[in-house]
Amino acid sequence: MSEIVGIDLGTTNSLIGVMDAGFPILIANQEGSRLTPSVVYLPESGDPVVGAPADRMRALFPERTIYSVKRLMGRRPGESEKEDFPFAVKSQSGQMLLELGQRSFKPEEISSLVLKKLKADAELSLGNPIERAVITVPAYFNDLQRQATKRAGELAGFAVERMINEPTAAALAYGLNRLDDHSRIAVYDLGGGTFDISILELNEGVFRVLSTNGNTRLGGDDIDRELVRLLRERIIARHPELRQELDDKLFIARIREIGHAAKLRLSTEETVQVDIPFLSGDRSFPYHLTRQELEAIARPIVRRTRSHCLRSLDDAKLDPAKLDEVILVGGVTRMPIVRQFVAEIFQRLPNNTQNPDEAVAVGATIQAGMLSGQIQNVLLLDVTPLSLGIETFGGLMNVLIPRNSTIPCKAGELFTNAVANQSVVQIVVLQGERELAKDNWELGRFDLEFEPVSKGFARIGVQFEIDADGILHVLARDTRTGRQRLIELSSAVDVSDEAVEKMIAESLDHAFEDMADRLWTEAVLKSNELLPAVRSALTLVGDQIELDDRRKIHRLVNEVEVALKSREHHRLKKANAELDEGTQHLATLLIDRAMAEAARRKK
Ligand code: ADP
Ligand code: MG
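Residues numbered from 1 in each chain as written. Chains lettered and ligands numbered in written order. Predicted model: local features only at pLDDT ≥ 70, side-chain atom pairs only at ≥ 80, totals over all residues. Heavy atoms only, no water.

## Some points on the environment of serine 496
You can see serine 496 is positioned in the loop between strand S26 (484-489) and helix H12 (497-509). We classify serine 496 as partly exposed; its relative accessible area is 40%. With 111 residues separating them along the chain, serine 496 and proline 385 place their C-alpha atoms 9.1 Å apart. (Helix = DSSP H or I, 4+ residues; strand = E, 2+ residues; numbered from the N terminus. Buried < 20%, exposed > 50% of the residue type's maximum accessible area, 1.4 Å probe, protein only.)

## A look at the packing of aromatic side chains
Applying the stated criterion to the full structure yields 8 aromatic pairs. Geometrically, the ring pair formed by tyrosine 41 and phenylalanine 61 is stacked, given 5.2 Å between the ring centres and 20 degrees between the ring planes. Here tyrosine 41, found in strand S5 (residues 40-41), pairs with phenylalanine 61, found in the loop between helix H1 (52-55) and strand S7 (65-66); they are 20 residues apart in sequence, far enough to count as distant. Sitting over the ring of tyrosine 67, arginine 58 keeps its end group 3.8 Å from the ring centre. Note that lysine 119 overlies the ring of phenylalanine 158, its terminal NZ or CZ placed 5.7 Å from the centroid. (Phe/Tyr/Trp six-rings, centres within 6.5 Å; stacked < 30°, edge-to-face > 60°. Lys NZ or Arg CZ within 6 Å of the ring centre and 35° of its normal.)

## Looking at the domain arrangement of the chain
Domain annotation for the chain reports domain 1 (4-170), domain 2 (177-216 + 316-356), domain 3 (220-298), domain 4 (383-497) and domain 5 (512-602). The distance between the C-alpha centroids of domain 1 and domain 4 comes to 57 Å. (Domains from an automatic or database assignment.)

## A word on the sheet that holds strand S8 (residues 88-92)
The sheet built from 3 strands is open, its strands ordered S8-S9-S10 with antiparallel pairing. Pairing within the sheet leaves two strands with one partner each, and these edge strands are S8 and strand S10 (103-105). With direction set aside, neighbouring strand axes in the sheet form an average angle of 35 degrees. For strand S9 (residues 95-100) and S10, the ladder comprises 3 bridges, and the chain directions are antiparallel. (Pairing = 2+ DSSP bridges. Axes fitted to C-alpha atoms, helices over the stretch in contact; angles between N-to-C directions.)

## Some remarks on unusual backbone geometry
Positive phi outside glycine occurs at alanine 21, with the angle close to 50 degrees. Mapping alanine 21 onto the fold places it in the loop between strand S2 (13-20) and strand S3 (23-26). If you check the backbone angles, histidine 182 has positive phi at about 70 degrees while not being a glycine. For histidine 182, a relative accessible area of 46% translates into the label partly exposed.

## Here's the deal with the pattern of salt bridges
Per the stated rule, a full pass over the model turns up 36 salt bridges. For aspartate 222, the salt bridge identified is with arginine 225, shortest N-O distance 3.0 Å. Residue aspartate 222 and its partner arginine 225 are located together in helix H6 (residues 220-238), separated by 3 residues, close to a single helical turn. Residue lysine 322 pairs with aspartate 319 through a salt bridge whose shortest N-O separation is 3.9 Å. Relative accessible area serves as the criterion here: at 38%, aspartate 319 is assigned to the partly exposed category. Through salt bridges with shared partners, one network takes in Arg434, Lys438, Asp439 and Asp514. (Salt bridge = Lys/Arg side-chain N within 4 Å of Asp/Glu carboxyl O.)

Next up, the structure:
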């Protein structure tokens, strides 16, 4: 089956990923970045330019450089149709069209160019063609918007296997499908140009959207714009003579680029030095930008997300205390001020264990892995890495919970005593894939005392239970007296990958001899049961059968004894079967005798 890729087709940035040996990895583009700006430059003649190189054309050819096209594809219900793009957009019978000279483009045609680049770059990196994809869409996208996204995928040459909601993908990336059923999650997604807040509920491993809210014109771009304004003011204050130059769109683009880089650094640093080279001469403008200054301009922008959050909580009929988790998505949530703000609104620290601008793509990739069968269990439950069991007669491994069983789980079996008048059994807990107890790992052992009875009469139940925390509880109970013992072992699930691999490799290497060992041991156990029984029957009822018959039985017994020394399990198994067969009538005679005796005693 061919690979399926996961794609986050973002308003600002797009990403593509693929499962690699069980792990989602995001693929870097030809420029060496995992983030590909969703920007397309359409020159008057020649091929379209996509990604970072196109982004650089924005200042030079604003009317031919298309960005944020996803906004034209997906409008929230009730939002105005007005867009202030530097390129020409017209609305034609409800459909938005981009006009470039004589040509016009549908938004999905532009999006398909972004997808084409992701596809081409990933194919180059993976070294093989990719045909199938999972693409994410905002949770509020309606059917038409989803279809447009799907068409974009198809135009780029993908079979679009599934479209999943961005917040759902993000929740998958954060591993929240492992939360308890009915858990509620808020996904706070502040990207370049759009803000989305979604409340999800987990239902049997599937995320249901309880409510969504947001704004398709709110995001990091707003911060960039304000930062340009601030830097421009500072330059004018110090160099009033440059006022004219500061209106130059190339110069503004340069300030934006430098300001943007400074903004990113201020998420982890307290202050950065910006240096804006002037267009004229060799002078430049050096400036120390502090996080405080940046936060002062970001605060009112971030604050605008508040009402959307409150409304989405209201729509889901939840107060923040009822949420089980709040996760951060979108590059802007790397800013400390955003994290503080989210913590205030939801009255809890948001989960920031994933890269916020990569989470959606990682989730799409995980979904792709599930579809292509690379991730077996959709619920991603833990499984037992190796089989668990106890040692039984003859040193054999008796598996109670097979390897790869989903946790939590429970299994049990009834055992009996091998020796008459035995009054204690030892329960040896084993882990591994080998047939003989001695080749497996011993996790623990304990004794259980029980009433001495004849061989095979004891009834000892052994139960294994692995709870959700991966702790193995071993219970052994003498069902006649109710006496029981319970032990807990915590090492049953946490086994290093190498140890598991080694154990499985060994079990495969030794599969043949192991199986022969097991068959041999089982045959020996059978002989040990058969021989004393036949001998005692011969003493009791031997005189009631023909001499020839007696001789034949002796011959069969002899063959079993010889076979026992041969170590050939086929031979012993055959000898056992023949002895069993050849002494069937002895069993009948024994029963007759027992009945006659009982009748005599009754008299
Ligand atoms: P989208 O979902 O809109 O495609 P992203 O999630 O990639 O966008 O977010 C892009 C936005 O995040 C941009 O405005 C970018 O400047 C901002 N951003 C990315 N990294 C950081 C950072 N470290 N600090 C602040 N803002 C950041
Ligand atoms: Mg996004």
